[in-house]
Amino acid sequence: GQQLNQSPQSMFIQEGEDVSMNCTSSSIFNTWLWYKQDPGEGPVLLIALYKAGELTSNGRLTAQFGITRKDSFLNISASIPSDVGIYFCAGPPGAAGNKLTFGGGTRVLVKP
Amino acid sequence: EAGVTQSPTHLIKTRGQQATLRCSPISGHTSVYWYQQALGLGLQFLLWYDEGEERNRGNFPPRFSGRQFPNYSSELNVNALELEDSALYLCASSFTGVSLGNEQFFGPGTRLTVL
């Protein structure tokens, strides 16, 4: 079935650093969504992208919808401790309508 | 405005039993979705209900079923529980419509443990 590949699988951040993660697919997506999930909670929608090439910001977060419609990236600038969590990309592949496919997640941890 | 709510928070069952999980969507949302998130894994799509009808189903056996009520709340039923059904079950809601429905908002989940 449709798959979204996220990388990296995990990363360590130091306060103040900028971090980046991305998501790729072998097929076209018409929408890209980025979610953050804290332990024991449901995912929270961070950014939604609807047009190829679109660049959207939400505070310190910036996400882009790739031109090929097969990828997206999420940047976090000036990271802070509460940025720790798991970030998921998601989208409805092709004609799948409302069914979302999720990437495997990028686990963001604080550098010891 | 209240977000998506789910009950119970935790549920412990034994193999072979049935589990019922409940979800109330955000006011104004007519679509409800169910996802399974096994420990350490991503979210797997289970079911989509809209206007009381099942609209789409993920790659899960028939013992996973559900329904949506006239007030748009939803139930997920899992029959003949197996150990591997232990997971966080997440409910999400959205407005109807392909593009609008892409923005799904999640509840806190029900942690189901099968012993």
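Above this text sits the structure in question.
It should be emphasised that the depicted structure is a prediction, and the values quoted were computed from it without experimental measurement.

A separate point is the interface of chain B and chain A. Buried accessible area, meaning the area lost when the parts come together, often serves as the stated size of an interface. Listed as interface residues are 24 residues of chain B and, on the opposing side, 20 residues of chain A. Both faces considered, chain B and chain A share a buried interface measuring about 1,600 Å² in area, 56% of it formed by carbon and sulfur atoms. Together, Leu43(B), Asn102(B) and Phe106(B) form the three largest contributors to the area buried by chain B at its contact with chain A, with a combined 32%. Our enumeration of links across chain B and chain A arrives at zero salt bridges. Counting the contacts that link chain B with chain A gives three residue pairs in polar contact (both at pLDDT 80 or more). Where the side of chain B that touches chain A is concerned, the elements lending two or more residues are β4 (31–37), β5 (44–50), β9 (87–94) and β10 (105–106) of chain B. By residue number, the principal contributor to the side of chain B that touches chain A is β4(B), which donates four residues.

Bringing the nonpolar core into the picture now. What tends to happen in soluble globular proteins is that the nonpolar side chains get buried as a cluster. Counting residues in hydrophobic clusters, the biggest one holds 21 residues, and the most contacted among them are Leu21(B), Trp34(B), Leu46(B), Leu76(B), Tyr89(B) and Leu112(B). Secondary structure elements with two or more residues in this core: β3 (19–24), β4, β5, β8 (74–78), β9 and β11 (110–114) of chain B. The contacts of Leu21(B), once residues within four sequence positions are left out, are Ser7(B), Leu11(B), Trp34(B), Ser74(B), Glu75(B), Leu76(B), Tyr89(B) and Thr110(B). Cys23(A), Leu61(A), Ala63(A) and Tyr87(A) belong to the second largest nonpolar core, which has 20 residues in total.

Residues and elements named next belong to chain A. If you trace the five strands from one edge of the open sheet to the other, you get β1-β3-β8-β7-β6, paired in antiparallel fashion. Every other strand in the sheet has two partners, leaving β1 (4–7) and β6 (55–58) as the edge strands with one partner each. Each strand axis lies, on average, 15° off the axis of its neighbour in the sheet, ignoring direction. Inspection of the sheet shows β1 paired to strand β3 (residues 19–25) by four bridges, in the antiparallel sense. Opposite Ser-7, over in β3, you have Asn-22 as the bridge partner.

Looking now at the side chain of His29(B). Residue and element names in this part refer to chain B. Inspection of the secondary structure puts His-29 in the loop between β3 and β4. Among the polar contacts listed, one links the side chain of His-29 to the side chain of Ser-93, at a separation of 2.7 Å. One polar contact links the side chain of His-29 to the main-chain amide nitrogen of Ser-94, over a distance of 3.2 Å. Those residues in contact with His-29, other than ones at most four positions away along the chain, are Tyr-72, Ser-93, Ser-94, Phe-95 and Phe-105.

Put simply, Ser7(A) and Pro8(A) share a cis peptide bond, and its omega is -5°. One can find Pro8(A) in the loop between β1 and β2 (10–13). Residue Pro8(B) follows Ser7(B) across a cis peptide bond; omega there is -10°. By secondary structure assignment, the location of Pro8(B) is in the loop between β1 (5–7) and β2 (10–13). The phi dihedral of Ala78(A) is positive, around 45°, even though this residue is not glycine. Its place among the elements puts Ala78(A) in the loop between β8 (71–76) and β9 (85–91). Positive phi is not limited to glycine here, since Tyr72(B) has a value of about 75°. According to the relative accessible area criterion, Tyr72(B) is partly exposed, its value standing at 26%.

On to the state of the cysteines, then. The tally for this structure, following the rule as stated, stands at two disulfides over all chains. Here Cys23(A) connects covalently by a disulfide to Cys89(A), the sulfurs 1.8 Å from one another. The sign of the 50° torsion about the S-S bond sets the Cys23(A)-Cys89(A) disulfide as right-handed. Here Cys89(A) lies in strand β9 and Cys23(A) lies in strand β3, a separation of 66 residues in the sequence. Side by side, Cys23(A) and Cys89(A) carry an identical accessibility label, which is buried. Covalent S-S linkage joins Cys23(B) and Cys91(B), the inter-sulfur distance amounting to 1.8 Å. Across the S-S bond linking Cys23(B) and Cys91(B), the dihedral sits near -65°, which makes this disulfide left-handed.

Conventions adopted
Residues numbered from 1 in each chain as written. Chains lettered and ligands numbered in written order. Predicted model: local features only at pLDDT ≥ 70, side-chain atom pairs only at ≥ 80, totals over all residues. Heavy atoms only, no water. Contact = heavy atoms within 4.5 Å. Buried area = accessible area lost by both parts, 1.4 Å probe. Salt bridge = Lys/Arg side-chain N within 4 Å of Asp/Glu carboxyl O. Polar contact = N/O pair within 3.5 Å; in protein donor to acceptor, adjacent residues only side chain to side chain. Helix = DSSP H or I, 4+ residues; strand = E, 2+ residues; numbered from the N terminus. Core = buried A, V, L, I, M, F, W, Y, C linked by side-chain atoms within 4.5 Å. Buried < 20%, exposed > 50% of the residue type's maximum accessible area, 1.4 Å probe, protein only. Pairing = 2+ DSSP bridges. Axes fitted to C-alpha atoms, helices over the stretch in contact; angles between N-to-C directions. Disulfide = S-S within 2.5 Å.

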